[in-house]
Amino acid sequence: MTHPRPHAPARPHAYGVVGAGRVGSVVAARLHAAGRPVVGISARSQASLLRARTLVPEVPVRPAADVAADCDVLVLAVPDDALVAVCEELSTVLRPGQVVVHTSGRHGLDALSAATRVGARAVALHPAMTFTGSAVDLGRGCAMGLTAADTERALAEDLAAVLGGTPVWIDDADRVRYHAALSHGANHLVTLVAQARDLLQGIGAGAEAATILRPLLEAALDNALDLGDAALTGPIARGDVTTVRAHVDALATEPSSTRDAYVAMAHATTERAAADGRLDPATAAVLDAALDERPRVSGPVR
Ligand SMILES: NC(=O)c1ccc[n+]([C@@H]2O[C@H](COP(=O)([O-])OP(=O)(O)OC[C@H]3O[C@@H](n4cnc5c(N)ncnc54)[C@H](OP(=O)(O)O)[C@@H]3O)[C@@H](O)[C@H]2O)c1
């Protein structure tokens, strides 16, 4: 009969990262900074090599298969469309009990089925943050969209915390909608802001465009997150149909993508204002009709 030595420290998990991209290099750096042993990070391109050398010079750059074979917890930080193939490829060196984590928002546990087939344990851990792959990412906290079996729950939450995240559990079946929500909010916000900035620069605002937009947009974002639809102000919330019509006419000379985005967002805004009763149905119908009118062009079409 053997007895475990009292208080024998368990060997700490050894971590490995495949993909020294924007996310992988930051994951490796944060693991290393937290004192977790990182056996290696893989990088193929010069850009990835440089990111690894800059953000986490203490961690050796090694072939992906060596990293996968030598770690206990393997993080796959590769593009969404490469994930399944990379997991298939590395499954030949994985062993039962190893943990394989991916950082994709849209993928669930299915993407790691090649790993689970050989007895590895799967975790999806998506940092709800935009990464640049530079030092500015290292201090940022964010939510971590987690999906895993109950048996991996503690490990997933520990990893999320080490990476500076707040765990948020997402059902496997909901991951695509979860990721669509974040992309719609964050990625399309970038386009919306860029279009607003272009319009201001078109009237000569130059660098002042940011001065005008920053406090307004920061307040709108804070209010929207705190108050929801009740945060809405502006001509649609007031039912100022002539102002909306004037906007559509003024945008006729702008790139069609800007005008189309304005009209689509204005329809959506009208629908939401009508749904919560702040806009009466008759005014909402007039607004919708005004948005669909052909604009009266008064200048050169850009
Ligand atoms: N960027 C973000 O803001 C962000 C935020 C949250 C989650 N994510 C998710 O994190 C994952 C990685 O995104 P990312 O932005 O870090 O991508 P990325 O910057 O494009 O980096 C991808 C990395 O994967 C490597 N790679 C590509 N194909 C590979 C293969 N077949 N074998 C081994 N390595 C391979 C690339 O290596 P080489 O350059 O050497 O070819 C590169 O280092 C994605 O699932 C993404 O959805 C991204």
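Residues numbered from 1 in each chain as written. Predicted model: local features only at pLDDT ≥ 70, side-chain atom pairs only at ≥ 80, totals over all residues. Heavy atoms only, no water.

In the nomenclature of an unreviewed UniProt entry, the protein chain is known as Glycerol-3-phosphate dehydrogenase of Aeromicrobium erythreum.

A. Spotlight on the overall build of the protein chain. Counting its secondary structure elements, the protein chain contains 12 helices and 7 strands. A globule of 302 residues ought to have a C-alpha radius of gyration of about 19 Å, yet the protein chain, at 25 Å, is considerably larger. The C-alpha extent of the protein chain, read off along each of the three principal axes, is 85 × 40 × 35 Å. In the protein chain, the proportion of contacts linking residues at least 24 apart, taken out of those at least 6 apart, comes to 60%. Here the protein chain displays about 16600 Å² of accessible surface, and carbon together with sulfur accounts for 58% of that area. Between the centroid of the 27 positive side chains of the protein chain and the centroid of its 33 negative side chains there is a distance of 6 Å. (Helix = DSSP H or I, 4+ residues; strand = E, 2+ residues; numbered from the N terminus. Rg over C-alpha atoms; globule rule 2.2 N^0.38 Å. Contact = heavy atoms within 4.5 Å. Areas by Shrake-Rupley, 256 points an atom, 1.4 Å probe, with all protein chains shown as cover. Lys, Arg positive; Asp, Glu negative; His and termini not counted. Charge placed at Lys NZ, Arg CZ, Asp CG, Glu CD.)

B. Structural context of the site of the ligand. Taken together, 21 residues surround the ligand, and among them Arg22, Arg44, Ser45, Ser48 and Asp80 come closest. Ser45 is positioned such that a nitrogen or oxygen atom in its backbone is 2.6 Å from an oxygen atom of the ligand. Phe131 is positioned such that a nitrogen or oxygen atom in its backbone is 2.8 Å from an oxygen atom of the ligand. Contact with the protein chains removes 79% of the 900 Å² of surface that the ligand exposes when unbound. If you list the elements that add at least two residues to the shell around the ligand, you get helix H1 (22-33), helix H4 (80-90) and strand S5 (121-127). Split by residue class, the shell around the ligand holds 10 nonpolar, 8 polar and 3 charged. (Near = heavy atom within 4 Å. Polar contact = N/O pair within 3.5 Å; in protein donor to acceptor, adjacent residues only side chain to side chain. Nonpolar A, V, L, I, M, F, W, Y, C, P; charged D, E, K, R; others polar.)

C. Here's a closer look at the confidence of the model for the protein chain. Scored by pLDDT, the protein chain comes out at a mean of 94, with 95% of its residues at no less than 70. Of the regions scoring below 50 in pLDDT, residues 1-9 engages in 0 contacts with residues more than four places distant in sequence or in other chains. (pLDDT = per-residue confidence, 0-100.)

D. Highlighting the UniProt feature "domain: DUF2520" (unreviewed entry) in the protein chain. UniProt marks residues 142-268 with the feature "domain: DUF2520" (unreviewed entry), using the numbering shown here. Split by type, residues 142-268 is 67% helix and 9% strand. Its first and last C-alpha atoms lie 28 Å apart. (UniProt positions renumbered as here; feature names shortened; annotations may be inferred.)

E. Summary view of the pairing of strand S4 (residues 99-102). Side-chain alternation along S4 places Val99 and Val101 on one buried face and Val100 and His102 on a second face that is also buried. In this view, the connection linking strand S3 (residues 73-76) to its parallel neighbour S4 by way of H4 has right-handed handedness. As judged from the 4 bridges shared by S4 and S5, these two strands associate in the parallel manner. Across the sheet, residue Val100 finds its bridge partner in S5, namely Ala122. (Buried < 20%, exposed > 50% of the residue type's maximum accessible area, 1.4 Å probe, protein only. Right-handed = clockwise from strand over helix to strand, strands pointing away. Pairing = 2+ DSSP bridges.)

F. How the structure looks around the sheet that holds strand S1 (residues 15-18). A sheet is described by the order of its strands in space; here 7 strands give the open sequence S2-S1-S3-S4-S5-S6-S7, paired in mixed fashion. The outermost strands of the open sheet, each flanked by one partner alone, are strand S2 (38-42) and strand S7 (165-169). Sheet twist, expressed as the average angle between the axes of neighbouring strands with direction ignored, equals 20 degrees. Pairing of S3 with S4, which is carried by 4 bridges, proceeds in the parallel orientation. Looking at S4, one finds that Leu76 is bridged to His102. Running over the sheet, helix H7 (residues 175-202) touches S5 and strand S6 (142-148) and is turned about 15 degrees from S5. (Axes fitted to C-alpha atoms, helices over the stretch in contact; angles between N-to-C directions.)

G. The arrangement of helix H2 (residues 46-55) in detail. Residues of H2 that are buried: Ser48, Arg51, Ala52 and Leu55. Along the axis of H2, the buried residues cluster in a sector spanning 95 degrees; they form a single face. Opposite its buried face, H2 presents the exposed residues Gln46, Leu50 and Thr54, each directed more than 90 degrees away. Contacts made by the buried residues of H2 are with H1 and S2. (Arc of directions from axis to C-beta.)

H. Spotlight on the domain arrangement of the protein chain. On domain assignment, one finds that the protein chain holds domain 1 (15-170) and domain 2 (178-292). Placing the centre of domain 1 and that of domain 2 at their C-alpha centroids yields a distance of 38 Å. (Domains from an automatic or database assignment.)

I. Broad picture of the pattern of salt bridges. Considering all chains together, one arrives at 14 salt bridges under this definition. A salt bridge links Asp198 to Arg197, with the nearest nitrogen and oxygen atoms 3.8 Å apart. Accessibility expressed as a relative area gives 45% for Asp198, which makes it partly exposed. Relative accessible area serves as the criterion here: at 36%, Arg197 is assigned to the partly exposed category. Between Arg238 and Asp240 there is a salt bridge, and its shortest N-O distance comes to 2.8 Å. Since its relative accessible area comes to 55%, Arg238 is described here as exposed. (Salt bridge = Lys/Arg side-chain N within 4 Å of Asp/Glu carboxyl O.)

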